[in-house]
Structure formats: C-alpha cells, structure tokens
Amino acid sequence: MIRVLCVGDVSGDDGIRCLKRLLPGLKREFSVDVTLVNGENAGKQNSLSPETARQIYEAGADVITGGNHTFRNPALREMLETDPCLLRPANWGKKGVPGRGVTLVDRGRYRLVVVNLIGVTYMNPAENPFYALDEILEALDTPLVVVDFHAEATGEKRAMGFAFDGKVSALFGTHTHVQTADAQILPGQTGYITDVGMTGVVDSVLGVKKEIIISWMKDHLPAKFTLEEGNSALCGVLFTLDEKTGRCLEVQTIRREEPLRREGNR
Ligand SMILES: [Fe+2]
C-alpha cells in the first residue's frame, strides 16, 4: 500500500509559506510515500521560477506539476529540460516544447508514474488529452499511474476520469483553485477528484485580490491581477493505492488552514 498526496495549485509567496508550514506535518500525519505539488502559480505573476521550484522541493514535493502558466517564465525552461521531476503538460505540443510531461518515481518496492496533462475545453489549444493519455499508457510497464489533469471544465475532467477508470490509479484535477466535493473511487477502482483546490490565501478570488476581480467583473477594464496576502490553506487529496494492482483503495480530501498569522509572522 502506498499513499500519494497531491497538493493543489500553490499560489504566490503566501502559498509557498503555507506549503512550507503545513506539508511536512501532513506527510508525517498521513505517512505519505510520494508527494505531488502543482506549482505553476507559485512564483511571481502567476508563473514558476527555478528558485520557487526549489522552495517547493524543500517543502517536501517529489514531483512538481504544471499547467497553462508553466512557460510564462522563460527562466524555467532550462530547469524543465534538466529536472526529470519538474513536469509540464505532456500534451502541450508534439515537437519543440521544452521538458517532459511524464516521470517515474522509482522506489524499488514500487514504481509510480506521474503524468501531467492539460485540458482543451475553455483552454488554449493543445493535443487532445484523451488520445495523449492513451499513447502514454501504451508505453508503460507499471500499474501505478497518477495523473494531474490541469483543466477548466468540470465535464472534461469527469469525462477523463471515466475514460481512464481502471486504466490509471488516480486522476485529479487542478487549475480551478476551488476544491470540489466529488472525491470518489470510480467503478474501475481509479481514485478521482475534479479539483483538489488551491494552496493560497483563503480570503481571495482564486488567489487574486478580491477587490481587483470584483472591479474587473463590474467594469471590464484591463487590470493587473495582484495576488492577495494573508492566511492561507493547503488543499489536496490523498490516494491510498495498492502497489501490486495499481488500484485505488481509499481517497481522502485534505484542506488544512495555517494557524492565524500574527504581525511579523511571515
Ligand atoms: Fe492553471
């Protein structure tokens, strides 16, 4: 039996702080074997820098997954090429795209494949994720496969879950920053949740200052989306997997708020 903790989109400096404060304790509490963290929004301006990626590793991540903002910071490209555990969506494009979307966590007793994919409904164009995952699975020789499906539409995410039910160990959604209440084990014993939620400021709109979003939604004037600051929560999902069959035995959502911040506690 292995436990895979999947942490949702870390948002900005406060998300990083929250991750550093809460992740080590959660890993001990739930005897976590492998930790995946979606980090595409963890740096400045909804991007990821090499330095921020290193902080996510220091906090306890084994694999960092990405999404639509992965390529926003050009400084990350070299790290994407050289670090096998830093993923970008596998279906971003077929040729000329830096990095990889699939990695292997080999612990001897078990070999876990992590796949990162991006949706195409209400998102920018990418290769079809259904065919992309079919192709990836054909080449694998381990039953343990966990997929971060970074997508906007709930329907696309649930369709992916059912399309690969029994073919992957678990599929979890990221990108929408709000944890959904549909964590379940699908009929074919694939662990599933539409979105694991965000690791970032609680009193925000998906991590961004609420006043900016409200004003933008009222007046439709261009605005710079500045990240909110304040007390944060870590959101994720914990999958318990049978390492021999790759089946999901248990799924549990996690939402842990950091202790109230006091002055000078940053
Ligand atoms: Fe995203």
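The preceding data block contains the structure.
Residues numbered from 1 in each chain as written. Predicted model: local features only at pLDDT ≥ 70, side-chain atom pairs only at ≥ 80, totals over all residues.

**Here's the deal with the overall build of the chain**
As a reminder of what qualifies: Secondary structure elements follow DSSP: runs of H or I of four or more residues count as helices, runs of E of two or more count as strands, with numbering from the N terminus. It is over C-alpha atoms that the radius of gyration is taken, and the globule rule equals 2.2 Å times the number of residues to the power 0.38. Exposure in this text rests on C-beta crowding, where 20 or more other C-beta atoms within 10 Å of a residue's own make it buried, 12 or fewer make it exposed, and counts in between make it partly exposed. The C-beta atoms are placed from the backbone. What counts as a contact is two residues whose backbone-derived C-beta atoms lie within 7 Å of each other.
Looking only at helices and strands, the chain has six helices and 12 strands in total. For a compact globule of 266 residues, the expected C-alpha radius of gyration is about 18 Å, and the chain comes in at 17 Å, within 12% of that figure. Dimensions of the chain along its principal axes, counting C-alpha atoms only, are 50 × 40 × 35 Å. In the chain, which comprises 266 residues, the proportion classed as buried is 47%. Long-range contacts, defined here as pairs at least 24 residues apart, represent 65% of the contacts in the chain between residues at least 6 apart.

**Considering the sheet that holds strand 8 (residues 184-185)**
Using the following cut-off: Strands pair, by our definition, only if DSSP identifies at least two bridges between them. For helices, the fitted line uses only the C-alpha atoms of the stretch in contact; every axis is such a line through C-alpha atoms, and the angle between N-to-C directions lies from 0 to 180 degrees.
Reading across the sheet, the six strands line up as 4-5-6-7-9-8 and stay open at both edges, with mixed pairing between neighbours. Taken across any chain shown, the strands that pair with only one partner, and hence form the sheet edges, are strand 4 (102-106) and strand 8. Each of strand 4, strand 5 (111-118) and strand 6 (144-150) touches helix 4 (residues 129-138); the most contacted strand, strand 5, lies at about 160° to it. Its contacts with the sheet put helix 5 (residues 154-163) on strand 6, strand 7 (170-174) and strand 9 (191-193), and the angle it makes with strand 7 is roughly 170°.

**Side note on the nonpolar core**
Counted only if it meets this: Among buried residues, those of type Ala, Val, Leu, Ile, Met, Phe, Trp, Tyr and Cys that are joined through C-beta atoms within 7 Å form a set called a nonpolar core.
Counting residues in each nonpolar core, the largest one holds 63 residues, and the members touching the most others are Val4, Leu36 and Ala170. For this core, the element with the most residues is strand 11 (residues 232-241), which contributes seven residues. Beyond its immediate stretch of four places on either side in the chain, leucine 36 contacts Val4, Cys6, Val7, Ala61, Asp62, Val63, Thr65, Val114, Val146 and Asp148.

**Points about the environment of alanine 90**
Position of alanine 90 among the secondary structure elements: in the loop between helix 3 (77-82) and strand 4. A count of 23 C-beta atoms within 10 Å places alanine 90 in the buried class. Separated by 167 residues in sequence, alanine 90 and glutamate 257 place their C-alpha atoms 32 Å apart. Once you skip the residues sitting within four places of it in the chain, alanine 90 turns out to touch Gly101, Val102, Val115, Asn116, Leu117, Ala132 and Ile136.

**Regarding the packing of helix 1 (residues 12-29) against helix 2 (residues 50-59)**
We count it as follows: In these notes the angle categories are as follows: under 35 degrees is roughly parallel, over 145 is roughly antiparallel, 65 to 115 is roughly perpendicular, and the rest is oblique. A crossing counts as left-handed when the near helix is turned anticlockwise from the far one by less than a right angle, and as right-handed when that turn is clockwise.
Where helix 1 meets helix 2, the closest approach of the two axes is 9 Å, and the angle between their N-to-C directions is 15°. Viewed along their axes, helix 1 and helix 2 adopt a mutual orientation that is roughly parallel. Considering the relative orientation of helix 1 and helix 2, their crossing is left-handed. Only Thr52, Gln55, Ile56 and Ala59 of helix 2 make contact with helix 1, whose side of the interface consists of Ile16, Leu19, Lys20 and Leu23.

Everything listed here is a matter of geometry and, on its own, says nothing about what the molecule does.
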